[in-house]
Amino acid sequence: MRQNQSIATALHKQNEVAKSEHRIRLNASIDACRCLLKCALPFHGHNESEMSLFRGNLLEVYNLIRDQNKSVFKVTLRNAQGNNQKVALCIQNDIAHCFAQEVLKSIFEEIGDDVFALLVDESNDIPKKEQMAVVLRYVTCGIVKERFIGLVHVKETSALSLKSATDFLFSEYRLSLTKVRGQGYDGARNMSGNCNGLKSLIMKENTSAYYVHCFAHQLQLVIVAVAKKHHDTGVFFDMIAVLMNVVCASCKRTYMLRESQNDKLEESIGRGEIDTGSGLNQELSLTRAGDTRWNSHYKTLSRLVSLFSSVSDVLKYIEDEGLNCFSQRQASGIRIYLRSFDFVFHLQLMLNILGITNILSQALQRKDQDIVNAISLVKSTTATLKNMRNDGFDALILDITSFCYNNNIQMVSIEEVYVNPRARKQYTNISNHHYYEIFCFNMVLDMQSEELGDRFNEVSSELLICMTGLNPRDSFCDFDPSKLRKLIDFYPHDFSFKDRLNILNELSIYPTFMQQAARFSTLKSIFDLAKVMVESNMHLNFPLVYRLLMKLVKSDLQNRICRIGFCSCNRNDGEMLFGDEACQVRFAESDFG
């Protein structure tokens, strides 16, 4: 409101020398911030006083710039006016914000009026404020790019709240939901719910914004999370977690476990029970299972089987020589459970289930995995679990019997009356065979099969199968015009009636032309195809095929695990951290300042 007191007026009143010194100080601050933003480093240190040995990253980089340039040294920090040093917290945040705006401007210029995919995840900052991290995936010049565009604070994580936050972000950056052609979230109900999830709310406004959940993540949710819903299986996994905490609680216990295993290996080798050679009998240790580490539960249970006797020895030592009564009682309780039939039953059951799904899990994580093969593997795995449910109980009992015999665990008579451990005096009138087969074995496998059918639904599978019609692998051997015509129906807003007629003409020429072109004969994925089409200007000759290809690229990456993850932009006492690698590069390449 007071023009005579504005920054521009105040700067204009200065002489040329003062203006030059001001620019030098500002450029030095910008260069220091640029370096830290590129490296994703915090700005501030614990003690920034002049007597401190380390004054924080910003001031240390700033001093390095001063030491390398005498003209900068003369007009910065102590040689500048106290209120004009350009290193205050508000100045740093303003510079970082300007960098962010330049990056966003470049991102939106690249997207232009084209379509894109929306990826959303939840991220808490240091003060435990709920944040919604938003990433856009788009294609430019045939290259797939993922760019983190911001964090939005949300008071709650309900679908309506997240949809409102998404609308606010889109309106701020002048984006349109009608341009969204893919959605990527986790499997939580508020995100992927078919009725009131964020996915459904967006699809009500845009029916072409298809949601495809990462197959590997879905498999993890199906196998482990669903199994834990069964009471006895949930107890089993809880006890495994406690076991990991007890046995791996200290370096001493881990060392004892390894020493015990080495001693047993030497005894077995001495008796000629196991072979020796290069790569055999490697040192093993227990590994903790993680909710988002694929195959970690299978690895944990496999290691436990291999180290079972050594684990028992460590628990026995803790029970006898533990530092306090609590650890002794804990070790004793775990040791008793490990020698129970219930433990052995669920250990062998989950090993069998995880072993069957491990092949699928490994395949889904391959970067070059063909989506048709992945869907076929899902169906094969489901069929295998159903066959196991029908005919696998007797084989499971044989595995349990063998394990009990090798580890001196008392085997329960399978034909005796079942005794409920939580109500031993109540007569159950069912045999152990009936209880463990019907209420444990069949129930867990039925839950797995039902959840697999729900997670890998037909709509997503059909969309992904149709995508393979343009796969260039093996000289377009999978090219199928019928799949592509069906695929066009998934995107009614992108192809007019005239386009639908013209694309049939392009598809009649396209495969023959591509098979004859040597440059296209070695391509392995639709992502390579998109890039080479732009480089060779084939996207101009086949514009409708290329437009369809772009829809595939934006959607198919949704299913892949190997993508740039979300990283938070957390602020803690003035620290500004930019986590996305792509954004870091763009900060460094910006011409700002």
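Quick caveat: nothing in here was measured; it's all calculated off a predicted structure.

So, about the overall build of the protein. Helix and strand content of the protein: 26 helices and six strands. Going through the 593 residues of the protein one by one, you find that 47% of them count as buried. For the protein, the proportion of contacts with a sequence separation of at least 24, taken over those separated by at least 6, is 66%. Accessible surface, the protein as shown: approximately 30600 Å² in total, 51% of it carbon and sulfur.

Here we come to the nonpolar core. One finds Val 311, Phe 343 and Phe 345 to be the most contacted residues of the largest nonpolar core, which totals 53 residues. No other element matches helix H15 (residues 341-364), which puts 10 residues into this core. Of all hydrophobic cores here, the second largest spans 33 residues; its members include Ala 530, Val 532, Met 533 and Val 545.

Another aspect to go through is the pattern of salt bridges. Summed over all chains, the structure comprises nine salt bridges. When the shortest N-O distance is used, the salt bridge between Lys 163 and Asp 167 registers 2.9 Å. Here Lys 163 and its partner Asp 167 are both found in helix H6 (residues 159-172), four residues apart, which amounts to about one turn of the helix. Among the residues examined, Lys 163 registers a relative accessible area of 7% and is labelled buried.

To continue, consider the environment of Thr 287. Tracing the backbone through its elements, the reader meets Thr 287 in the loop between helix H11 (251-270) and helix H12 (296-306). Considered as a pair, Thr 287 and Cys 248 are 39 residues apart in the sequence and their alpha carbons are 8.7 Å apart. Residues in contact with Thr 287, not counting those within four places in the same chain, are Met 244, Lys 299, Thr 300 and Arg 303.

Residue Leu 77 is not a glycine yet carries a positive backbone phi of 55°. As for its placement among the helices and strands, Leu 77 is situated in the loop between helix H4 (70-75) and helix H5 (89-111). A relative accessible area of 9% means that Leu 77 is categorised as buried. Positive phi is not limited to glycine here, since Arg 174 has a value of about 60°. By the element assignment, Arg 174 lies in the loop between H6 and strand S4 (180-184).

Okay, H11 next. Here H11 is 20 residues long and its end C-alpha atoms lie 28 Å apart, about the 28 Å a rise of 1.5 Å per residue gives. When we look at burial in H11, the residues that qualify are Arg 253, Leu 257, Ser 260, Gln 261, Leu 265 and Ser 268. The buried residues of H11 occupy one face: seen down the axis, they fall within an arc of 135°. Structural note: H11 exposes Cys 251, Lys 252, Tyr 255, Glu 266 and Gly 270 on the side pointing more than 90 degrees away from its buried face. Looking at the buried side of H11, the elements it contacts are helix H10 (231-247), H12, helix H13 (308-321) and helix H14 (325-338).

One turn of the α-helix equals 3.6 residues, which is why residues spaced by three or four share an orientation. Listed in full, the buried residues belonging to helix H21 (residues 481-488) are Leu 484, Leu 487 and Ile 488. The arc that holds the buried residues of H21, viewed along the axis, is 100°, so those residues lie on one side.

A few words now on the pairing of strand S3 (residues 143-153). Pairing of strand S2 (residues 130-140) with S3 involves 10 bridges; the strand directions are antiparallel. From the neighbouring strand, Arg 137 faces S3, where its bridge partner is Glu 146. As consecutive antiparallel partners, S2 and S3 are separated by two residues, and within that stretch Cys 141 has a phi angle of approximately 55°, a positive value.

Moving on, we get to the sheet that holds S2. Strands in a sheet are paired, the pairing made by backbone hydrogen bonds, and the direction either parallel or antiparallel. Overall, mixed pairing links the four strands, which are arranged S3-S2-S1-S4 in an open sheet. Each of the sheet's edge strands pairs with one partner strand only, and the pair in question is S3 and S4. On average, each strand axis in the sheet is inclined to that of its neighbour by 25°, with strand direction left out of account. Two elements, strand S1 (residues 116-124) and S4, share four bridges in a ladder whose sense is parallel. Across the sheet, Leu 119 pairs through a bridge with Gly 184, a residue of S4. Across the face of the sheet, H6 comes into contact with S1, S2, S3 and S4 while running at roughly 55° to S2.

We now examine the side chain of Arg 66. Within the element layout of this structure, Arg 66 appears in helix H3 (residues 57-68). Nearest to the buried, unbridged Arg 66 among oppositely charged side chains is Asp 67, at 5.5 Å. Not counting residues within four places of it along the chain, the set of residues in contact with Arg 66 comprises Val 72, Phe 73, Thr 76, Leu 77 and Asn 79.

Put simply, H15 and helix H17 (residues 393-406) touch, their axes get as near as 10 Å, and they point 125° apart. Here H17 runs oblique to H15, going by the angle between their axes. Here H15 and H17 pass one another in a crossing that is right-handed. The segment H15 lies against H17, with Phe 341, Val 344, Phe 345, Leu 347, Gln 348, Leu 349 and Asn 352 engaging Phe 393, Leu 396, Asp 399, Ile 400, Phe 403 and Cys 404. Among the residues forming the contact of H15 with H17, the class breakdown is 10 nonpolar, two polar and one charged.

Where helix H2 (residues 16-39) meets H5, the axes come as close as 10 Å, and the angle between the chain directions of the two elements is 65°. Regarding H2 and H5, the two cross each other, and that crossing is right-handed. Here H2 contributes Ser 29, Ile 30, Cys 33, Arg 34 and Leu 37 to the contact with H5, which in turn contributes Gln 92, Ile 95, Ala 96 and Phe 99. Per-class residue counts for the contact of H2 with H5 are six nonpolar, two polar and one charged.

Along the polypeptide, Leu 89 turns up in helix H5. Taking the C-alpha atoms as reference points, Leu 89 and His 44, separated by 45 residues in sequence, lie 9.2 Å from one another.

Turning next to the confidence of the model for the protein. The predicted model of the protein has a mean per-residue pLDDT of 79, with 83% of residues at 70 or higher. When pLDDT is averaged over each helix and strand of the protein, the minimum, 34, is found for strand S6 (residues 575-576) and the maximum, 93, for H17. In the predicted structure, residues 556-593 sits below a pLDDT of 50 and forms 118 contacts with residues beyond four places in sequence or in another chain.

This brings us to the packing of aromatic side chains. All told, the structure shown has 16 aromatic pairs when counted by the stated rule. Each ring, one from Phe 236 and one from Phe 237, has its centre 5.3 Å from the other, and the planes form 70°; the classification is edge-to-face. Relative accessible area serves as the criterion here: at 0%, Phe 236 is assigned to the buried category. The exposure class assigned to Phe 237 is buried, which follows from its relative accessible area of 6%. Between the aromatic rings of Tyr 435 and Tyr 436, the centroid separation amounts to 5.1 Å while the plane-to-plane angle is 80°, which identifies the pairing as edge-to-face. Tyr 436 carries the same exposure label as Tyr 435, and that label is buried.

Rules used in this analysis
- Residues numbered from 1 in each chain as written.
- Predicted model: local features only at pLDDT ≥ 70, side-chain atom pairs only at ≥ 80, totals over all residues.
- Heavy atoms only, no water.
- Helix = DSSP H or I, 4+ residues; strand = E, 2+ residues; numbered from the N terminus.
- Buried < 20%, exposed > 50% of the residue type's maximum accessible area, 1.4 Å probe, protein only.
- Contact = heavy atoms within 4.5 Å.
- Areas by Shrake-Rupley, 256 points an atom, 1.4 Å probe, with all protein chains shown as cover.
- Core = buried A, V, L, I, M, F, W, Y, C linked by side-chain atoms within 4.5 Å.
- Salt bridge = Lys/Arg side-chain N within 4 Å of Asp/Glu carboxyl O.
- Expected span 1.5 Å × (residues − 1).
- Arc of directions from axis to C-beta.
- Pairing = 2+ DSSP bridges.
- Axes fitted to C-alpha atoms, helices over the stretch in contact; angles between N-to-C directions.
- Lys, Arg positive; Asp, Glu negative; His and termini not counted.
- Parallel < 35°, antiparallel > 145°, perpendicular 65-115°, else oblique.
- Left-handed = near helix turned anticlockwise from the far one by under 90°.
- Nonpolar A, V, L, I, M, F, W, Y, C, P; charged D, E, K, R; others polar.
- pLDDT = per-residue confidence, 0-100.
- Phe/Tyr/Trp six-rings, centres within 6.5 Å; stacked < 30°, edge-to-face > 60°.

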